[in-house]
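Listed here are the chains, written in short residue letters.
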Amino acid sequence: GRIVDPFYADALIGQGKADLVSMGRALWADPDLPQKAMEGRIDQIRPCIGCNQGCRRKLDRCCLMNPRTGREKEMAILPAEHPKRVFVIGGGPAGMELAVVAKKRGHHVILAEKSSQLGGNFRLGSIPPKREGIKNGLQFFEREIRRLGVEVELEKTIKPEDVKKYQADEVVWASGGDPIIPPIAGVEQNHVVLAEDVLLQRKAVGSRIVIIGGGMVGCELADFLSGQGKSVVLVEMLASIAFHFDPPSSFFLRERLRKQKVDIWTSWTVTQILKDKVTVEKEGEEKTLGPVDSVVLAVGYKPSVREKMEATPYKIRVVGDASKPGDALEAILQGAKVGREI
């Protein structure tokens, strides 16, 4: 398993360890991998990132990195009849895929990103343990954007009045979602921080931490912080954690959380955050967790605010978390579809 690199596969044969190497998921991500390898186009190989999100589905099997998998006929990339100026606001997975597809079709594409790097939540997802493969996917998009000549503007926050100067024929809003701040008493205190700020090292946390939210972000953050030797309590209001993970990933994640002694509280709701403790409630029963140095919010995202942008005379197409928060598979698929529609 996980033989996804043509150099590694070639080395196995060269060393006499194998007579034949057969790849599975790597060819879902890029069926042209052998051809590209023979032609020396290694950097153009769309990599399998080992996410298991699309290929493990029982129905509608697909690939996060390659939206064409299983949809080859309907998702063909055809030249645009009338090339346009396409302005994409947001350089996350949806925006990057859209920019690549639109550029391949012959459009002039401008991609604006408010941070200093492309990637959005895709970059965020590459930080926790066992998610290093996501970095390969991110690097692929960055290479393709450069190779194709997409015009990129980093550290660029776009306001409604800025759109006009780009003289775009099509404007796409792909700026991602905004973190949800739950209405919990005490949530405004300085020791309460967002999961993304912790992963990106924008905010420091203490040694005793309560994470609110047991979805993908909360669980991977618990893995990340407990692996550093911190004491972590994970609180989830639903009956289980890691509900968005595929079964194998969920199993190994739970094993790491168990070994790293993460204290998991399911079916409990946080009712109040105090200076050094947190109160939780379940079916009328209340308990106190503490002492606590830091509280981290990982309860998900909501569509980014774009009311002012919609007031512009432009038709705004919305993709990714800016439309409806989901995962990278959904975001990249949306970007791929809109890139073909323009």
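Let us look at the structure shown here.

Conventions and cut-offs
- Residues numbered from 1 in each chain as written.
- Predicted model: local features only at pLDDT ≥ 70, side-chain atom pairs only at ≥ 80, totals over all residues.
- Heavy atoms only, no water.
- Helix = DSSP H or I, 4+ residues; strand = E, 2+ residues; numbered from the N terminus.
- Contact = heavy atoms within 4.5 Å.
- Lys, Arg positive; Asp, Glu negative; His and termini not counted.
- Charge placed at Lys NZ, Arg CZ, Asp CG, Glu CD.
- 1 Å grid on protein atoms, 1.4 Å probe; cavity = no way out; pocket = protein on both sides within 12 Å on 5 of 7 lines; lining within 4 Å.
- Points joined across faces, edges and corners; volume = space filled by probe spheres on them.
- Nonpolar A, V, L, I, M, F, W, Y, C, P; charged D, E, K, R; others polar.
- Buried < 20%, exposed > 50% of the residue type's maximum accessible area, 1.4 Å probe, protein only.
- Arc of directions from axis to C-beta.
- Polar contact = N/O pair within 3.5 Å; in protein donor to acceptor, adjacent residues only side chain to side chain.
- Core = buried A, V, L, I, M, F, W, Y, C linked by side-chain atoms within 4.5 Å.
- Pairing = 2+ DSSP bridges.
- Right-handed = clockwise from strand over helix to strand, strands pointing away.
- Axes fitted to C-alpha atoms, helices over the stretch in contact; angles between N-to-C directions.
- Expected span 1.5 Å × (residues − 1).

Quick word on the overall build of the protein chain
And then number 1: Broken down by element type, the protein chain carries eleven helices and 15 strands.
And then number 2: Taken over the C-alpha atoms alone, the protein chain extends approximately 65 × 65 × 35 Å along its principal axes.
And then number 3: If you take every contact in the protein chain between residues at least 6 apart in sequence, the share linking residues at least 24 apart comes to 65%.
And then number 4: Across the protein chain, the centroid of the 51 positively charged side chains sits 2 Å from that of the 45 negatively charged ones.

Comments concerning empty space enclosed by the protein
And then number 1: Across all of its chains, the model carries two cavities of 30 Å³ or more by this definition.
And then number 2: Roughly 100 Å³ of volume is contained in the largest cavity.
And then number 3: Broken down by class, the residue content of the lining of the largest cavity amounts to eleven nonpolar, three polar and one charged.
And then number 4: Lining the second largest cavity, in full, are Cys-63, Leu-64, Pro-67, Arg-71, Leu-329, Ile-332 and Leu-333.
And then number 5: Here the residues of the lining of the second largest cavity sort into six nonpolar, no polar and one charged.

A word on helix 1 (residues 6-14)
And then number 1: All of the buried residues along helix 1 are Pro-6, Ala-9 and Leu-12. One side of helix 1 holds all its buried residues, which, seen down the axis, span an arc of 120°. What points out from helix 1, more than 90 degrees from its buried face, is the exposed set Phe-7, Asp-10 and Gly-14.
And then number 2: Residue Asp-5 occupies the N-cap position of helix 1, its side-chain oxygen lying 2.8 Å from the main-chain nitrogen of Phe-7.
And then number 3: Of the residues trailing helix 1, Gly-16 is marked for its positive phi of about 75°.

Some thoughts on the nonpolar core
And then number 1: One finds Leu-64, Met-65, Leu-98, Phe-122 and Phe-141 to be the most contacted residues of the largest nonpolar core, which totals 36 residues.
And then number 2: In this view, Phe-122 contacts Ile-49, Leu-64, Met-65, Pro-93, Met-96, Ile-134, Gly-137, Leu-138, Phe-141 and Ala-328; residues no more than four positions away in its chain are not counted.
And then number 3: Listed in part, the 24 residues of the second largest apolar core include Leu-199, Ile-209, Val-262 and Tyr-301.

Considerations on the pairing of strand 7 (residues 208-212)
And then number 1: For strand 7, a buried count of four out of five residues is recorded, marking the element as mostly surrounded by other parts of the structure.
And then number 2: Pairing of strand 7 with strand 8 (residues 231-236), which is carried by five bridges, proceeds in the parallel orientation. The residue bridging Arg-208 from the neighbouring strand is Ser-231, located in strand 8.
And then number 3: Once you follow strand 7 into helix 8 (residues 216-226) and on to strand 8, the crossover reads as right-handed.

Observations concerning the layout of surface pockets
And then number 1: The space that makes up the second largest pocket amounts to roughly 390 Å³.
And then number 2: Around the second largest pocket, the lining is made up of 21 residues, and of these Asp-32, Arg-46, Asn-66, Arg-68 and Lys-104 lie nearest the centre.
And then number 3: At the level of secondary structure, the elements contributing two or more residues to the lining of the second largest pocket comprise helix 4 (93-104) and helix 6 (133-148).
And then number 4: Partitioning the lining of the second largest pocket into residue classes produces six nonpolar, three polar and twelve charged.

Here's the deal with the side chain of Glu-144
And then number 1: In this fold, Glu-144 is placed in helix 6.
And then number 2: Excluding residues within four positions of it along the chain, Glu-144 makes contact with Gln-44, Val-100 and Lys-104.

Some points on the sheet that holds strand 13 (residues 294-297)
And then number 1: A sheet is described by the order of its strands in space; here five strands give the open sequence 6-13-7-8-9, paired in parallel fashion. Bordering the open sheet on either side are strand 6 (192-194) and strand 9 (263-266), each of which pairs with just one other strand. Each neighbouring strand pair of the sheet contributes to a mean axis angle of 20°, computed without reference to strand direction.

Let's talk about helix 6
Every α-helix winds through 3.6 residues per turn, so residues three or four apart in the chain are directed the same way.
And then number 1: A rise of 1.5 Å per residue sets the reference length of helix 6, with its 16 residues, at 22 Å; its end C-alpha atoms lie 23 Å apart and thus fit the reference within 8%.
And then number 2: Buried residues of helix 6: Gly-133, Ile-134, Gly-137, Leu-138, Phe-140, Phe-141, Glu-142, Glu-144, Ile-145 and Leu-148, and no others.
And then number 3: Those residues of helix 6 that are buried lie in contact with helix 4, strand 2 (108-112), helix 5 (121-125), strand 3 (151-153) and helix 11 (328-341).
And then number 4: Positive phi shows up at Gly-149, right after helix 6, with a value of about 85°.

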